[in-house]
Amino acid sequence: MKNILIFGAYIENKGAQSMIFTVVDEMKKKDPKANIIVVVNQEVPLEIRKDYNFEFLYLPMKNKLEIAAREFFLISKLMRGKADRGITNEFIKILSNTKAIIDISGFALSSKFSRNNTINFIAQISIAKNSALPIYLFPQSFGPFNYRKLERPFVNYLIKKYMSYPKAIFVREKDGLDQLEVFDLPKLYKSVDTVFHHRGDYNINNIFSDNNKIRKNFIIKENAVGIVPNIKTIGSKNYEDLHKLYEKIIDHLSKSEMNVYLLKHSVEDLELLESLYAKFEKDENVSLLSEEYNSIELQHIIKKFNFIIASRYHSIVHAYKVGTPAIVLGWAVKYKELLDMFDQSEYQFDVDNVNHEKFMRKIHKMNNNYIEERNKIKEVEKNILTHNIFDLMEDEIFEK
């Protein structure tokens, strides 16, 4: 039984979790004998690990760099601390019985984040290359590549050297394709998000150790709207401004006799949601769904809303997957291209420049037209795949 490794995954963020579930389920359908291991940068507690029918492997960045090519080994020596040799040896042993690596980072190779993000991402490709293993970069955003002047030559060298190795690089946005073209890389494919590539219902047994893990019968009142904020937008807009905007949205919806549900799509958003709910906890039209739901359950919940108001990218993907319209407070090009694809661009707002009156008018319009928008989204979703990323993977890595 050979291993398939998944890099770039985070189980607590529901967007990343949904990509894990999609990859695990589709790979298990193609190769039931595969042993799937999710490689993580942070340790996953036993109480979480025991819920799943796949494995987790903790591999800190320093260990990763020491296993990668010489350029990365030298970088590892500049990092503080000492790599745990036991972790390194375990990973080397796993690599020797691995047949493929899949990266589902979502958005890592970019100067928007720290230099370590870029180094970590490329080191993973280096590990695959050194081990002569096929690696597939599943749909994600790339760029920009405006690194600081002193580090730019070295980073560009790493990108050119290692980004030519993957069997396929699936690029989520046209902007990302344009950014990567300067490196003249082979095997670039424009592709929608990984979650859209999932076919049919999830086979729960492929994902969970307990097949009763999924709840579907959630009680959501009629005439309901879900609000899915993103604490990361505070980096673009200060906390007070963002909080006031959401307060105004919730107040407007409640006074319009709509049932408002505050929904957590990532654990880091809980504090913001609780703070918002504290302003409205006596309002019977406002509810906080603070319970821990997995990404499949969240999709079932989102399906029950008339529409959502969202800033989490994958909450919008989940919504479109089940035909639920969204008004979007975005902060990156990935939001614009996603809404353009579904002919929903009029409902996209830049979180840094929101005209409150216009936003309220869009809520009114969406409330009147959500059935029409739902039908439009469903029609696009039916025809969205020009290829399936799992079908483009080489057949020889799957056991017959």
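Thresholds applied
- Chains are numbered independently. Their residues run from 1 in the order of the written sequence.
- Owing to the predicted nature of the model, reporting of local features is limited to residues with pLDDT of at least 70; listing and counting of side-chain atom pairs is limited to 80 or more, with chain, interface and lining totals taken over all residues.
- The side-chain figures draw on all heavy atoms in the structure; neither hydrogens nor water molecules are used.
- Only protein chains enter the calculation, and the probe is 1.4 Å; a residue is then buried if its accessible area is under 20% of its type maximum, exposed if over 50%, and partly exposed in between.
- For helices the rule is a DSSP run of H or I covering at least 4 residues; for strands it is a run of E covering at least 2, with both sets numbered from the N terminus onward.
- What makes two strands pair is DSSP finding at least two bridges between them.
- Assignment of crossover handedness uses the view with strands pointing away from the viewer, where a clockwise path from the first strand over the helix to the second indicates a right-handed crossover.
- In this analysis the probe radius is 1.4 Å and the grid spacing 1 Å, with only protein atoms considered; a cavity is a set of points the probe fits into but cannot get out of, a pocket is an open set with protein on both sides within 12 Å along at least five of seven lines, and lining residues have an atom within 4 Å of a point.
- Grid points are joined across faces, edges and corners, and a volume is the space filled by probe spheres set on the points.
- Three classes are used, and their members are as follows: Ala, Val, Leu, Ile, Met, Phe, Trp, Tyr, Cys and Pro are nonpolar, Asp, Glu, Lys and Arg are charged, and the others, Gly among them, are polar.
- Fitted lines through C-alpha atoms give the axes, limited to the stretch in contact for helices. The angle between two N-to-C directions lies from 0 to 180 degrees.
- Whether two residues are in contact is decided by their heavy atoms: any pair within 4.5 Å suffices.
- Any Lys or Arg side-chain nitrogen located within 4 Å of an Asp or Glu carboxyl oxygen qualifies as a salt bridge.
- Angle categories are assigned with fixed cut-offs, so that under 35 degrees is roughly parallel, over 145 is roughly antiparallel, 65 to 115 is roughly perpendicular, and the rest are oblique.
- Each crossing gets its hand from how the near helix is turned against the far one by less than a right angle, where anticlockwise is left-handed and clockwise is right-handed.

1. Considerations on the pairing of strand S9 (residues 259-263)
Moving residue by residue along a regular strand, the side chains alternate between the two faces of the sheet.
Part 1 of the reasoning: Burial within S9 is extensive, with five of its five residues counted as buried.
Part 2 of the reasoning: Alternating positions in S9 separate into two faces, Asn259, Tyr261 and Leu263 on one and Val260 and Leu262 on the other, with burial throughout.
Part 3 of the reasoning: With four bridges connecting them, S9 and strand S10 (residues 286-289) associate as parallel partners. Looking at S10, one finds that Val260 is bridged to Val286.
Part 4 of the reasoning: This β-α-β element, S9 to helix H11 (residues 270-278) to S10, shows right-handed connectivity.

2. So, empty space enclosed by the protein
Part 1 of the reasoning: Tallied over the full model, the rule gives one cavity of 30 Å³ or more.
Part 2 of the reasoning: There is about 40 Å³ of room inside the largest cavity.
Part 3 of the reasoning: The wall of the largest cavity is formed by Ser18, Phe21, Tyr202, Ser295, Ile296, Gln299 and His318.
Part 4 of the reasoning: Going through the elements one at a time, helix H1 (14-30) and helix H12 (295-303) are the ones with two or more residues in the lining of the largest cavity.
Part 5 of the reasoning: Examining the composition of the lining of the largest cavity, we find that three residues originate from one element, H12, more than from any other.
Part 6 of the reasoning: Classifying every residue of the lining of the largest cavity by side-chain character gives three nonpolar, four polar and no charged.

3. Considering the sheet that holds strand S2 (residues 35-40)
Part 1 of the reasoning: The strand order across the open sheet built from seven strands is S3-S2-S1-S4-S5-S6-S7, with neighbouring strands paired in parallel fashion. Single-partner strands in this sheet number two, and they are strand S3 (55-58) and strand S7 (188-190). Within this sheet the neighbouring strands show an average axis-to-axis angle of 25 degrees, counted without direction.
Part 2 of the reasoning: The strands touched by helix H5 (residues 85-95) are strand S1 (3-7), S2, S3 and strand S4 (98-103); relative to S1, the strand with the most contacts, the crossing angle is about 125 degrees.

4. Considerations on the layout of surface pockets
Part 1 of the reasoning: In this model, the largest pocket occupies a volume close to 1,200 Å³.
Part 2 of the reasoning: If you trace the largest pocket, you find 45 residues lining it, with Tyr10, Asn13, Ala16, Ser105 and Lys232 closest to the centre.
Part 3 of the reasoning: When contributions to the lining of the largest pocket are tallied by element, the ones reaching two or more residues are H1, S2, helix H3 (61-67), helix H6 (115-130), helix H13 (313-321) and helix H14 (333-341).
Part 4 of the reasoning: A total of five residues in the lining of the largest pocket trace back to one element, the largest contributor, which is H6.
Part 5 of the reasoning: Taken together, the residues of the lining of the largest pocket break down into 20 nonpolar, 17 polar and eight charged.
Part 6 of the reasoning: Considered as a void within the structure, the second largest pocket measures approximately 470 Å³ in volume.
Part 7 of the reasoning: What lines the second largest pocket is a set of 20 residues, among which Gly200, Asp201, Gln299, His300 and Val322 lie closest to the centre.
Part 8 of the reasoning: At the level of secondary structure, the elements contributing two or more residues to the lining of the second largest pocket comprise H12 and helix H15 (356-382).
Part 9 of the reasoning: Broken down by element, the lining of the second largest pocket gets its largest block of residues, four residues, from H12.
Part 10 of the reasoning: Its residues placed into classes, the lining of the second largest pocket shows nine nonpolar, five polar and six charged.

5. Some details on the pattern of salt bridges
Part 1 of the reasoning: Counted according to the given criterion, the structure contains 28 salt bridges.
Part 2 of the reasoning: Between Arg215 and Glu291 there is a salt bridge, with the nearest N and O atoms lying 2.4 Å from each other. In this pair, Arg215 sits in the loop between helix H9 (204-207) and strand S8 (224-228) while Glu291 sits in the loop between S10 and H12, placing the two residues 76 residues apart along the sequence.
Part 3 of the reasoning: For Arg215, a relative accessible area of 32% gives the class partly exposed.
Part 4 of the reasoning: Using a relative accessible area of 44% as the deciding quantity, one classes Glu291 as partly exposed.
Part 5 of the reasoning: Salt-bridge contacts for Lys264 lead to Glu292; the nearest nitrogen and oxygen are separated by 2.7 Å.

6. So, the sheet that holds S8
Part 1 of the reasoning: On the basis of which strands lie adjacent, the open sheet formed by six strands has the order S10-S9-S8-S11-S12-S13 and parallel pairing. For this open sheet the edge positions go to S10 and strand S13 (348-350), each flanked by a neighbour on one side alone. When the angles between neighbouring strand axes are averaged without regard to direction, this sheet yields 20 degrees.
Part 2 of the reasoning: With three bridges joining them, strand S12 (residues 326-330) and S13 adopt parallel strand pairing. Residue pairing across strands places Val328 opposite Gln348, the latter belonging to S13.
Part 3 of the reasoning: Contacts from H11 reach S8, S9 and S10, with the element oriented near 155 degrees to S10.

7. Section: unusual backbone geometry
Part 1 of the reasoning: The omega angle of the peptide bond from Gly143 to Pro144 is 0 degrees, so this bond is cis rather than trans.
Part 2 of the reasoning: With respect to the helices and strands, Pro144 occurs in the loop between strand S5 (135-140) and helix H7 (152-162).
Part 3 of the reasoning: Of note in the backbone geometry, Asn223 takes a positive phi value of approximately 55 degrees without being a glycine.
Part 4 of the reasoning: Unusually for a residue other than glycine, Asp343 sits at a positive phi of about 55 degrees.
Part 5 of the reasoning: Position of Asp343 among the secondary structure elements: in the loop between H14 and S13.

8. Thoughts on the packing of H12 against H13
Part 1 of the reasoning: In contact at an axis separation of 9 Å, H12 and H13 are set at 60 degrees when each is read in the N-to-C sense. Classified by the angle their axes make, H12 and H13 are oblique. Judged by the sense of rotation from one axis to the other, the crossing of H12 with H13 is right-handed. Across the interface between the two elements, Ser295, Gln299 and Ile302 of H12 pack against Ser315, His318, Ala319 and Lys321 of H13.
Part 2 of the reasoning: Tallied by class, residues from the contact of H12 with H13 come to two nonpolar, four polar and one charged.

On their own, these measurements won't tell you what the molecule is for.
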